[in-house]
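So you can see what is in the structure, the chains are spelled out below.
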Amino acid sequence: MKNPKPYWYILLAMLVTGSLSAQQTDPDSVRIEGYYQQLGQHCYTNLDSTLHYLDLLLEETHELGWTEEESYAYLWGILCTGYHDQIDLKYEFLSNAEQLLTEKGAELTPETQAAIALDLRMHWGDYYMETGGYNGALDIYESLAMALEDKAALSDEEFQRLVISYQYLATIHRLRGSYKEAIDYSFRALNYERQYYASRGEAEGDESLAYSRIANAYWLMGERARALSFYRPAFRRAREAYLADPAGKSRVRKRLINMGQELGRYYRELSRADSALYFLDAVAPYALPDEPVSQEIRLEKAKVWRQMGQFAKARDTLQLAIAKLEEGTQNRGNDFLLGQLYNEKGDIYSARQSYAEALRAYQRALTFLSDDFTAEDPAQNPLVTAGTAPQQLLYTLTQKTRILLHHPPENTADWLAAAWVTAQTGMQLVDSIKLSYTSDYDKQYLLEDSYQLYELALEIIHRQGSDRAEAAFKVMESSKAVALYAAVRDLHARNYAKVPERELEKVRRLQYQLARIDAQLDQATTEEQQITRREKKLAIKQEYDALIRSFEQKYPDYYRLKYDQSIVDLQDIDLSDDQLLVEYFVGDQHLYAFVYASGSVLRLLQLPWNADLQQWAAELKNDIYRQNDQAFAEKSFALYEALLAPILADADDLRRILIIPDGVLGYLPFDILLTEAVAPSSSTNFRDYPFLVRQLAVSQNFSLSMLREMQIKPKNDTDEVLAFAPSFSGSNAIAERSDRAVLGELLFNEEEAAAVLQSFEGRLVADRQATKDEFLALASRYRIYHIASHAVVDDAAPNNSYIAFASPPDSSAGFSRLYSYEILAQSFPADLVVLSACETGVGKVVRGEGIMSLARAFSYAGARSLVTSLWNINDQSGQQLMAEFYRQLSAGLPKDEALRQAKLSYLENAPDNARTHPKYWAAFIPTGNMESLSAEWRWQWVMLGLVVAGFFYFFLLKKRN
């Protein structure tokens, strides 16, 4: 879609029409002034007349040697050709104006030369926007915005340029898929726009552009209601502004048309075809027949008719739009729109099951969406980068892969191999986009958009045969925990690249401020709050980005480590001989499992998967907690049969299994799946149930690449255990660590924390001394954190989830909160974090990225292993489990085996049959590096022994001498 030109064209018109001095009354000056007046009359209405007067103006100003007037003539040419979407002509005028300024700029006053150079930079930015060169446009508008913000005072023209710069920055980030940043920049543009009108004593200006861009970004993020709340007033304002003055509001006309298109698209996605066609028909009369925007309206109508099953009508409308754009023109500015049109053509043919025609259409789309690619052979693919319409290009490659895989052409070519190459091209594009994103949210949305492509890639590999299992592993790893992995790589890069502590502290401070602002934005209820908080966020983000760029320049190792986000090699992961790795991928159509054991053949399995199994995986933990025992027995055995039985059938001598879950499987307590069917019974004795935990120790991780990061030893020497057991003054003494409104008193948490210190040396902080501030002050001195407390999960806004601590003794508050966003900004390189609180392992599921839990927050901050819970835990049983867990750890067992033994011990020694229910003992799951603590620390004792031996040798040698 073409980008609206908010103020730029009126601004330039004002500038150039005043270029001639009022004192110039000679015939040449009068004639030149007349040409300018003709341009002002025809620029927005008649391109041929515009070009005629431009030729006269350029020829005569050049002959007269009037460099300033010739420069302004070129600016008029850029203005008018850009308005009419004549991108090639616009490029020609830009290049000529640049050359003129280089050769004759010295003839101008410094002020005039600087002003024209600034105008050209604005227009180059606009040109890059039109032609998909977003990286070039981004550099231009960022530098312009910073230069203008550094000025002590701004003229009206400079103020409007600042607004334009941020409007374009918002558009660039939206087109690149960085939706969160697009919203931030849109709000900043809106804020500057309001400041501009306030400085002129006016109440407000036309804010429809800012509103429409905010709405568009929210829609793309899936926040439909919030998007429409911005779009309705935007459309109303634009229509009122245009109808009040149609002749003088040409720029508003295009904006109104764009918003009508977007509202049509939104209602189409809501399956409200009548409303979609209403908005498209409402704005169609405002578009000129041969304008590209008319073809955009046809594109949207074709999509509506395809959705309604009117394929012939959709095809004919689309073909008319393509013909209008392609006939007799080589205009590069329409390439993106033509790519969209051919993609829709492919979608129409796919819906009609005309797959050969669909494949040709998608291949044609690639030629418009890629640089220097003209191949019509579907076996060929372009070289891709993040700067070339990435979201639309990713869609094209995904659809092409689907056709090649499921409906290949009927000839002898190896279309399965061609499908794989196409999928690889798409995944390379995703990798390129990932590195260009700085927002975790945007990386998460990118993974969601890419998941269909990854599923298709795995289906191709599965068809190709068992010898391709390692390729499947790489696909799965590419699709998991991208934002988390990048954050941990960045953390390790800072710690191991000799960045001074003073600068690391700056990073932590800015990360905390950014995370806190994001959490506050989730709770903003008014537009004013949104603007104020996003202004603050952008200022902090700019400071943070500048600091990171300085690291990349000053510390080469930091740059190398941060951007080396390569997938781990299986040979780099230390699995024990009795351990099995299972990594899952949950797609829309299939469930895949990659299986690996040390010294064994790699396997890729396609497992049974349907809506029932997916629902059961999500429900099982709730069935356990609510003691729906019959449902638990049926579902847990069915899930075992689907997820593990085919994998474990040929596995011998196993004692441990490492699971990389995906999607809803992150909610599943694998170790209590039943390995045999259990008949319904009224008995409450679960001692004899065939739980998987009786056979295997089960651990989890976010990805295998994350495991590699978690196996990196921290550099600092610290003490052993920091145990926290805060007290609370709830209205009732309760025996479960659950909270939604009031935090009840915990009866056994201090006893639990004290039991930890019977197995390890350390420090116990309890009662009202166990505050958040005390924890943050002490944490860096310890290797194990044990927190026995309450926790609250916020599914809607995961950064607002928290662990409860005691309030300070001098405070009247009931408790203090350590929020997830605060944890994200810390450095917690602990060997083990035990969150003995409710639901610390659950949260919102983000496809590909995993569960947005408190456990993930601690991993993000550098924790190497964690023990967290999947449901509300009983205070007393939690105390008994943890005491036994630490006893097993102190005996040298790996963490997963230590937790397994603790669960089995509790199950066998429960005080009554009721307490054998999994609700009381199965909530805890281990995640991360499962190496035993004694093994992790053994190297230190070895080093200490060598030092001591060396000292005595030196002492004896000296004594003998």
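Reading the values: the criteria
- Residues numbered from 1 in each chain as written.
- Predicted model: local features only at pLDDT ≥ 70, side-chain atom pairs only at ≥ 80, totals over all residues.
- Heavy atoms only, no water.
- Helix = DSSP H or I, 4+ residues; strand = E, 2+ residues; numbered from the N terminus.
- Contact = heavy atoms within 4.5 Å.
- Areas by Shrake-Rupley, 256 points an atom, 1.4 Å probe, with all protein chains shown as cover.
- Phe/Tyr/Trp six-rings, centres within 6.5 Å; stacked < 30°, edge-to-face > 60°.
- Buried < 20%, exposed > 50% of the residue type's maximum accessible area, 1.4 Å probe, protein only.
- Expected span 1.5 Å × (residues − 1).
- Axes fitted to C-alpha atoms, helices over the stretch in contact; angles between N-to-C directions.
- Parallel < 35°, antiparallel > 145°, perpendicular 65-115°, else oblique.
- Left-handed = near helix turned anticlockwise from the far one by under 90°.
- Disulfide = S-S within 2.5 Å.
- Pairing = 2+ DSSP bridges.
- UniProt positions renumbered as here; feature names shortened; annotations may be inferred.
- pLDDT = per-residue confidence, 0-100.
- 1 Å grid on protein atoms, 1.4 Å probe; cavity = no way out; pocket = protein on both sides within 12 Å on 5 of 7 lines; lining within 4 Å.
- Points joined across faces, edges and corners; volume = space filled by probe spheres on them.
- Nonpolar A, V, L, I, M, F, W, Y, C, P; charged D, E, K, R; others polar.
- Domains from an automatic or database assignment.
- Salt bridge = Lys/Arg side-chain N within 4 Å of Asp/Glu carboxyl O.
- Core = buried A, V, L, I, M, F, W, Y, C linked by side-chain atoms within 4.5 Å.
- Polar contact = N/O pair within 3.5 Å; in protein donor to acceptor, adjacent residues only side chain to side chain.

## A few points about the overall build of the protein chain
Item 1. Counting its regular elements, the protein chain contains 37 helices and 16 strands.
Item 2. Sequence separation of at least 24 residues holds for 72% of the intrachain contacts in the protein chain that already meet a minimum separation of 6.
Item 3. Counting only carbon and sulfur atoms, one obtains 49% of the accessible surface of the protein chain, whose full area is about 38,400 Å².

## Remarks on the packing of aromatic side chains
Item 1. Overall, the coordinates contain 37 aromatic pairs when judged by the stated rule.
Item 2. Ring geometry for Phe473 and Phe594: centres 5.1 Å apart, planes at 35°, overall tilted. Pair noted here: Phe473 is in helix α21 (residues 469-478) and Phe594 is in strand β2 (residues 591-597), with a separation of 121 residues, a long-range link.
Item 3. Overall, the relative accessible area of 1% leaves Phe473 in the buried class.

## Concerning helix α17 (residues 355-369)
In an α-helix, one turn spans 3.6 residues, which is why side chains three or four residues apart end up on the same side.
Item 1. Between its first and last C-alpha, α17 extends 21 Å over 15 residues, near the 21 Å set by a 1.5 Å rise per residue.
Item 2. In this fold, the buried residues of α17 make contact with α15 (311-326), α16 (335-351) and α18 (390-406).

## Concerning the environment of Leu458
Item 1. In this structure, Leu458 sits in helix α20 (residues 440-464).
Item 2. Placed 13 residues apart in sequence, Leu458 and Ala471 show a C-alpha to C-alpha distance of 8.6 Å.
Item 3. For Leu458, the residues in contact, after removing those within four places along its chain, are Ala472, Val475, Met476, Phe585, Tyr592 and Leu604.

## A closer look at the packing of helix α23 (residues 501-522) against helix α24 (residues 527-554)
Item 1. Contact geometry of α23 with α24 gives a least axis separation of 9 Å together with a crossing angle of 155°. In terms of their interaxial angle, α23 and α24 are classed as roughly antiparallel. Seen from above, α23 lies across α24 with left-handed handedness. Between α23 and α24, the residues in contact are Glu503, Lys506, Val507, Arg509, Leu510, Gln511, Gln513, Leu514, Ile517, Asp518, Gln520 and Leu521 and Gln530, Arg533, Arg534, Lys536, Lys537, Ile540, Lys541, Glu543, Tyr544, Leu547, Phe551 and Lys554, respectively.

## Side note on the state of the cysteines
Disulfide: a covalent bond connecting the sulfur atoms of a pair of cysteines.
Item 1. Tallying each qualifying case throughout the model produces 1 disulfide.
Item 2. The disulfide bridge from Cys43 ends at Cys80, spanning 2.2 Å between sulfur atoms. In this structure, the disulfide formed by Cys43 and Cys80 twists by about -125° around the S-S bond and is classed as left-handed. Here the residue Cys43 occupies a position in the loop between α2 (27-42) and α3 (47-64), and Cys80 occupies one in helix α4 (residues 67-83), the gap between them amounting to 37 residues. The exposure classification of Cys43 matches that of Cys80, with both residues buried.

## With respect to the pairing of strand β3 (residues 603-607)
Item 1. Examined bridge by bridge, β2 and β3 share 5 bridges and lie antiparallel to one another. The residue of β3 that forms the bridge with Ala593 is Leu605.
Item 2. A loop of 5 residues connects β2 with β3, the two strands running antiparallel in sequence, and Gly599 in this loop sits at a positive phi of about 80°.

## Section: the UniProt feature "repeat: TPR" (unreviewed entry) in the protein chain
Item 1. The UniProt entry lists residues 339-372 under the feature "repeat: TPR" (unreviewed entry), expressed in the numbering used here.
Item 2. A helix fraction of 82% and a strand fraction of 0% characterise residues 339-372, whose end C-alpha atoms lie 14 Å from each other.

## Considering the confidence of the model for the protein chain
Item 1. When pLDDT is averaged along the protein chain, the result is 84; 89% of the residues meet or exceed 70.
Item 2. When the criterion is pLDDT under 50, residues 937-944 qualifies, and its contacts beyond four places in sequence or with other chains add up to 8 contacts.

## What about helix α22 (residues 482-496)?
Item 1. For α22, which comprises 15 residues, the first-to-last C-alpha distance of 21 Å matches the rise-based estimate of 21 Å (1.5 Å per residue) to within 8%.
Item 2. Of all 15 residues in α22, 13 are buried, a share of seventy percent or more.
Item 3. Immediately downstream of α22, the backbone of Lys498 shows phi near 60°, a positive value.

## Thoughts on empty space enclosed by the protein
Item 1. This structure, assessed with the given rule, holds 7 cavities of 30 Å³ or more.
Item 2. Volume-wise, the largest cavity comes out at about 260 Å³.
Item 3. Lining the largest cavity we find 19 residues, and of these Pro661, Gly666, Gln700, Phe702 and Ile851 sit closest to its centre.
Item 4. Those elements giving two or more residues to the lining of the largest cavity turn out to be β14 (850-852) and β16 (924-928).
Item 5. Along the lines of polarity and charge, the residues of the lining of the largest cavity split into 6 nonpolar, 10 polar and 3 charged.
Item 6. Each of domain 2 (570-700) and domain 3 (718-730 + 743-935) contributes no fewer than three residues to the lining of the largest cavity.

## What about the packing of helix α6 (residues 110-130) against helix α8 (residues 156-175)?
Item 1. Where α6 meets α8, the axes come as close as 11 Å, and the angle between the chain directions of the two elements is 20°. On the basis of the axis angle, α6 is roughly parallel to α8. For the crossing formed where α6 meets α8, the hand is left-handed. Of the residues in α8, those touching α6 at Leu118, Asp119, Met122, Asp126 and Met129 are Arg161, Ile164, Ser165, Tyr168, Thr171, Ile172 and Leu175.

## Describing the pairing of β2
Item 1. The element β2 is extensively covered by neighbouring structure, given that 7 of its 7 residues are classed as buried.
Item 2. With burial as the criterion, each face of β2 is covered, one bearing Leu591, Ala593, Val595 and Ala597 and the other bearing Tyr592, Phe594 and Tyr596.
Item 3. Across 7 bridges, the pairing between strand β1 (residues 579-586) and β2 is antiparallel. Bridging from a neighbouring strand, Val582 pairs with Val595 of β2.
Item 4. Here β1 folds back onto β2, and the loop between the two strands holds 4 residues.

## A few points about unusual backbone geometry
Item 1. Of note, Gln353 is a non-glycine position whose phi angle comes to about 65°, a positive value.
Item 2. For Gln353, the location among the structural elements is in the loop between α16 and α17.
Item 3. In the Ramachandran plot, Asp372 falls in the positive-phi region, its phi being about 55° despite a non-glycine side chain.
Item 4. Positionally, Asp372 belongs in the loop between α17 and α18.
Item 5. By relative accessible area, Asp372 is classed as exposed at 84%.

## Description of the sheet that holds strand β10 (residues 802-806)
Item 1. Strand order in the open sheet formed by 3 strands is β9-β10-β11, with antiparallel pairing between adjacent strands. The strands lining the two open edges of the sheet, one partner per strand, are β9 (791-792) and β11 (815-819).
Item 2. Direction of pairing for β10 relative to β11: antiparallel, over a ladder of 5 bridges. Residue pairing for β11: Ile803 is matched across the bridge by Leu818.

## A short note on the pattern of salt bridges
Opposite charge on two side chains makes pairing possible when the charged atoms of those side chains draw close.
Item 1. If you walk through the whole model with that rule in mind, you get 41 salt bridges.
Item 2. The residue Arg763 makes a salt bridge to Glu774 at a minimum N-O spacing of 3.6 Å. Of this pair, Arg763 sits in strand β7 (residues 762-767) while Glu774 sits in helix α31 (residues 772-778), and the two are 11 residues apart along the sequence.
Item 3. Judged by relative accessible area, which is 33%, Arg763 ranks as partly exposed.
Item 4. Judged by its relative accessible area of 27%, Glu774 is partly exposed.

## Some points on the nonpolar core
Item 1. Tyr584, Leu643, Leu644, Leu665, Phe670, Phe691 and Phe885 are the most contacted members of the largest nonpolar core, which has 79 residues in total.
Item 2. For this core, the domains that each give at least three residues are domain 2 (570-700) and domain 3 (718-730 + 743-935).
Item 3. Membership of the second largest hydrophobic core comes to 57 residues, among which are Ala419, Leu453, Ala457 and Val475.

## Topic: the side chain of Lys301
Item 1. By secondary structure assignment, the location of Lys301 is in helix α14 (residues 292-307).
Item 2. You can call Lys301 buried: its relative accessible area is 15%.
Item 3. Those residues in contact with Lys301 that sit more than four places away from it in its chain are Leu277, Leu280 and Asp281.

## Details of the environment of Leu484
Item 1. For Leu484, the location among the structural elements is in helix α22.
Item 2. Here Leu484 falls in the buried class, since its relative accessible area comes to 0%.
Item 3. Not counting residues up to four positions away in its chain, the partners in contact with Leu484 are Phe702, Met706, Glu849, Arg856, Ser859 and Tyr860.

## Focus: the side chain of Glu849
Item 1. Turning to its location among the elements, Glu849 is positioned in the loop between β13 (844-846) and β14.
Item 2. Here Ala483 takes part through its backbone nitrogen, which lies 3.0 Å from a polar atom of the side chain of Glu849.
Item 3. Apart from the residues within four sequence positions on either side, Glu849 is in contact with Gln444, Leu447, Ala481, Val482, Ala483, Leu484 and Arg856.

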